[in-house]
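Here is what each chain is made of, one letter per residue.
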Amino acid sequence: MRYALLKWSVLCLLGSAITTSAQQLPVNQLLQQLNGTCYFSTKQYDGTTLIKEQRFQSATLKGEEGNWQLHLTATPVKGHQDVFDVTAGFRLTSGVASHTAVNVSFDFNRWHPENYVMVPAAVYNGNRYRVIGNGYSPAYPDDMYYQPQVPLTISNNPRLKIEKGEASRIELTTTNAATPAMCFFSPAEKKGFIVLTTQATPQGNNGLTIAENAAKDSCTFSISAPAVRVLAPGFGDWHASGDMAPNWKAGDEVTLRFRIYVFDASSIPALLTRFRQVRKDLNEESALRNQVPMSKLMELGQGICSNNFITVPAGSYYKPENNNDFQLGWVSGMMNSYPMLALNNETERKRVMAELDFVVRRLQGKSGYFYGGITASGEIRPEKMNPHFPEVQAMVRKNADALLWLMKHLLLFKAQGYDASINKDWEVAAQKLAAAFTNSWKKHHEFGQYIAPATGEIAVFNSTAGAIAPAGLAMAARYFNRPEWLQTAKEAADFYYERDIVKQGLTGGDCGDISQDANSESAFGFLESLMALYYHTRDNKWLQKAEVQAALCATWTISYPVTFPANSTIGKLQCNMTGAVWASIQNKHAAPGICTASGDYLFKLFRATGKEAYAALLRDIQHAHTEAVNMPGHITSNFLVGSCMERIQPSDAEGRGSIGNFIYTRNSWTETNGMLMAMELPGIYLQTDNGRLFVFDHVTAKVTARKNGATTLEITNPTAYDAAVSVMAESSRQAAIPLAYTAFLKWPKVSVKAGKTIYVQVSANGQLLH
């Protein structure tokens with residue numbers, strides 16, 4: 001389809017403005033590589049029903065009620081022939097325009113439904129999958145059980161339809177996405193397309209729309225100011241959006257800003273990689289706020305966790321929830337015990353030992369797999385049950401977590417010199433679990449989503465629920481000298497990478513309250529596995545895969561300082577939520593941190609590649625987490641000091657009143673990942689031979705001198721709390737050696753009083769010389 005020529009005012013590289021036709025315009029020439037073109041229009045609505053769309057055929061448009069003027073500038077981004085910045089200024093020069101939005105659309109002909117479509121944190125592979133239910137965590141139908149060929153199945157989310165002969169329409173606002181962007185990869189053209197825009201104009205949040213025709217041979221990507229959706233997506237359901245296009249009077253104007261990329265791309269990983277590189281390019285960054293030192297977060301988190309140790313009929317453990325029941329893995333069961341063990345405190349060590357005894361005694365099934373939870377009274381908690389399949393099931397994700405964290409506990413006991421405290425039953429349990437995963441792999445060549453711990457059979461197949469299992473298997477292989485487990489880990493990681501990343505551009509299904517939806521936890525979990533394999537094999541192929549996986553993780557992470565309603569809690573606190581991590585395409589909210597991990601594998605990836613972007617992504621995540629922590633004068637959870645809850649809500653998925661407001665409660669896992677970040681990330685990282693410096697903690701640091709092999713650091717603590725800052729210093733050659741899991745035990749700490757500055761000397765071998 002081709003539209004009449006549109007006159008543009010183009011700002012060229014030399015700064016001079018010229019007028020040219022749409023076909024001659026470099027932006028449209030760029031889009032033609034994908035059989036695309038762009039046009040601009042106004043849209044008039046009755047409520048959320050589109051009444052009329054009028055396209056600009058020139059720089060002016062005569063409407064029914066008023067006249068419009070369009071001013072366009074397109075600026076090639078210096079050094080990039082495939083990137084243009086565009087501003088579109090819409091001005092009503094006379095008359096009025098009632099309930100009208102302005103719009104830019106990118107039409108793509110010769111479209112193919114196999115194109116990979118991605119909106120960060122909202123749409124992956126077009127969400128073009130089988131759909132079930134109409135609400136949160138829908139029940140699985142009978143045909144999903146014990147069926148190896150079950151198709152990937154998601155909740156009722158915005159999507160391009162899988163059904164033949166049906167048109168599709170995805171309507172979102174910019175705050176439904178981690179980055180205001182729409183992307184696709186064309187396998188036929190070997191090209192990628194990315195359009196970035198801003199969150200809002202004075203009219204409100206912008207709209208992001210993707211419309212595919214019934215023949216699935218044409219697709220339009222649109223940005224509107226403001227968003228006008230018929231329905232707003234919820235947590236697997238929908239509600240009336242309440243959107244309203246504004247009324248215009250003469251002289252009113254609004255400007256849409258966007259950046260277009262069209263580039264060579266051989267694969268979905270190539271698109272993901274380019275997106276990671278550019279995700280912050282258009283929206284201005286604001287400085288992350290240094291508020292609470294990581295050592296203070298650790299102190300508060302450990303205090304809360306210590307006070308939540310209980311002994312009930314089921315056993316003794318640190319509570320992973322606000323009730324007294326126990327969940328293994330996922331939301332901090334047998335995870336929050338790890339930072340407690342790191343205290344190297346006899347009382348807490350004995351408590352950790354009691355919890356491990358409880359877990360292996362009460363939760364492991366005959367097959368070696370574990371049940372997912374148990375009530376305080378001692379009743380096993382089944383998961384995703386169907387009355388026609390009574391065998392008790394458990395999440396594969398929880399079992400993968402159990403193996404990883406059992407191994408981490410064992411390694412920490414040894415690193416602390418407490419080998420004698422290790423109960424052989426823990427090691428036997430870990431071996432049985434590793435063997436169960438290996439048996440499943442040999443039998444089915446996947447791990448599935450739900451298993452039956454009594455039999456070891458996969459109850460629900462598909463998904464990336466086993467994303468973190470290769471990490472645990474690799475660790476167990478070395479610890480117990482079982483090379484076949486490492487082989488299973490490698491084969492499984494290759495399988496997930498090829499099936500889910502290369503072919504689908506997503507991972508998903510490892511949360512207990514979603515279907516097999518794409519989600520962040522499996523993305524970060526799989527990165528854990530890839531870096532574990534790099535650690536255990538030193539094979540650079542895992543590092544290359546990890547870089548692609550980190551790019552997928554970045555799509556889930558908010559890339560800019562979202563503007564929240566001024567009267568919301570987050571708005572009043574002026575939080576910078578850059579780095580908050582979206583949950584899933586079903587659970588449409590961001591969260592403080594990774595569920596449940598420190599993300600230290602991103603730090604390890606930074607060390608291995610030298611690419612600071614990975615460390616910066618992790619620093620964003622840590623600082624967004626701190627923004628959500630309940631502190632005096634910074635009330636978020638309205639609960640204990642140092643507590644935290646999982647909802648950071650930029651969108652209206654839970655209703656407009658939820659935007660920017662925390663729910664007054666706490667979630668243990670958010671406190672756990674805060675402790676883990678404080679423990680497994682160095683506050684300050686320094687390479688002694690070249691002066692390279694990176695700061696994760698809530699302090700500032702700079703190199704003030706380098707002399708005779710020693711480096712002098714100036715460290716300032718701008719917060720209201722005293723800080724004990726861990727310092728990891730090494731040479732660039734040492735950085736090439738993968739970091740051990742318990743390396744944090746050797747990092748020295750420097751004390752910096754609140755509001756004070758100190759100077760510290762670091763020797764060439766990384767020792768502190770006060």
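Please read these numbers as outputs of a predicted model, since none were measured by experiment.

Turning our eyes to something else, we now look at a nonpolar patch on the surface. A surface patch of nonpolar side chains, about 240 Å² in accessible area, is lined by V230, L231 and W238. Here V230 shows up in the loop between β19 (218-225) and β20 (231-233). Given a relative accessible area of 42%, V230 falls into the partly exposed group.

This part takes up the packing of aromatic side chains. Describing an aromatic ring pair means giving the distance of the ring centres and the angle of the ring planes. The full count for this structure, using the stated rule, is 41 aromatic pairs. Consider the rings of F108 and F221, whose centres lie 5.8 Å apart with planes at 85°: the pair is edge-to-face. Of this pair, F108 sits in strand β8 (residues 100-109) while F221 sits in strand β19, and the two are 113 residues apart along the sequence. Of the two residues, F108 and F221, both sit in the buried class. Ring centres 6.3 Å apart and planes at 40° place the aromatic pair F603 and F606 in the tilted group. Of this pair, F603 and F606 are both found in helix α13 (residues 600-609), 3 residues apart, which corresponds to roughly one turn of the helix. A residue is classified by how much of its surface remains accessible, and F606, at 2% relative accessible area, is buried. A cation sits over an aromatic face here: R55 above Y39, 4.0 Å from the ring centre.

The next point concerns unusual backbone geometry. Cis geometry is adopted by the peptide bond preceding P226, which originates at A225 and carries an omega value of 0°. Among the secondary structure elements, P226 is positioned in the loop between β19 and β20. With an omega of -15°, the peptide bond between C595 and T596 qualifies as cis. Backbone geometry at R538 places phi at a positive 60°, although glycine is not the residue there.

Right, let's get into the environment of M334. Topologically, M334 is positioned in the loop between β26 (326-327) and α4 (337-342). Between the C-alpha atom of M334 and that of H409, which follows or precedes it by 75 residues, the distance is 9.2 Å. Dropping the residues within four chain positions of it, M334 is found in contact with F326, L328, E355, L356, V359, A402, W405, L406 and H409.

The predicted coordinates ought not to be read in detail in places where the model reports low pLDDT. Mean pLDDT over the chain: 95, with 97% of residues reaching 70 or higher. Per-residue pLDDT stays below 50 along residues 1-24; that stretch engages in 62 contacts with residues further than four places along the chain or on separate chains.

Let us now look at the packing of helix α9 (residues 483-502) against helix α11 (residues 540-555). The axes of two packed helices give the description: the angle between them and the distance between them. Contact geometry of α9 with α11 gives a least axis separation of 12 Å together with a crossing angle of 40°. The orientation of α9 with respect to α11, classified from their angle, is oblique. Of the two elements, α9 crosses α11, and the hand of that crossing is left-handed. In this structure, α9 contributes K490, A493, D494, Y497 and I501 to the contact, and α11 contributes K541, W542, K545, V548, Q549 and L552. Here the residues of the contact of α9 with α11 are counted per class, giving 6 nonpolar, 1 polar and 4 charged.

The subject of this paragraph is the nonpolar core. Core analysis: the largest hydrophobic core is formed by 189 residues, its most contacted members being F437 and L602. Here this core gets 11 residues from one element, more than from any other, and that element is helix α6 (residues 396-415). Residues within four places of L602 in sequence aside, it is in contact with F524, L527, A550, Y614, L617, L618 and I621. One finds V27, V117, I223 and W248 within the second-largest nonpolar core, a separate group that totals 47 residues.

The rules we used
Residues numbered from 1 in each chain as written. Predicted model: local features only at pLDDT ≥ 70, side-chain atom pairs only at ≥ 80, totals over all residues. Heavy atoms only, no water. Patch = residues over 30% accessible without salt bridge, like charges linked within 9 Å, V, L, I, M, F, W, Y side chains within 5 Å. Areas by Shrake-Rupley, 256 points an atom, 1.4 Å probe, with all protein chains shown as cover. Salt bridge = Lys/Arg side-chain N within 4 Å of Asp/Glu carboxyl O. Helix = DSSP H or I, 4+ residues; strand = E, 2+ residues; numbered from the N terminus. Buried < 20%, exposed > 50% of the residue type's maximum accessible area, 1.4 Å probe, protein only. Phe/Tyr/Trp six-rings, centres within 6.5 Å; stacked < 30°, edge-to-face > 60°. Lys NZ or Arg CZ within 6 Å of the ring centre and 35° of its normal. Contact = heavy atoms within 4.5 Å. pLDDT = per-residue confidence, 0-100. Axes fitted to C-alpha atoms, helices over the stretch in contact; angles between N-to-C directions. Parallel < 35°, antiparallel > 145°, perpendicular 65-115°, else oblique. Left-handed = near helix turned anticlockwise from the far one by under 90°. Nonpolar A, V, L, I, M, F, W, Y, C, P; charged D, E, K, R; others polar. Core = buried A, V, L, I, M, F, W, Y, C linked by side-chain atoms within 4.5 Å.

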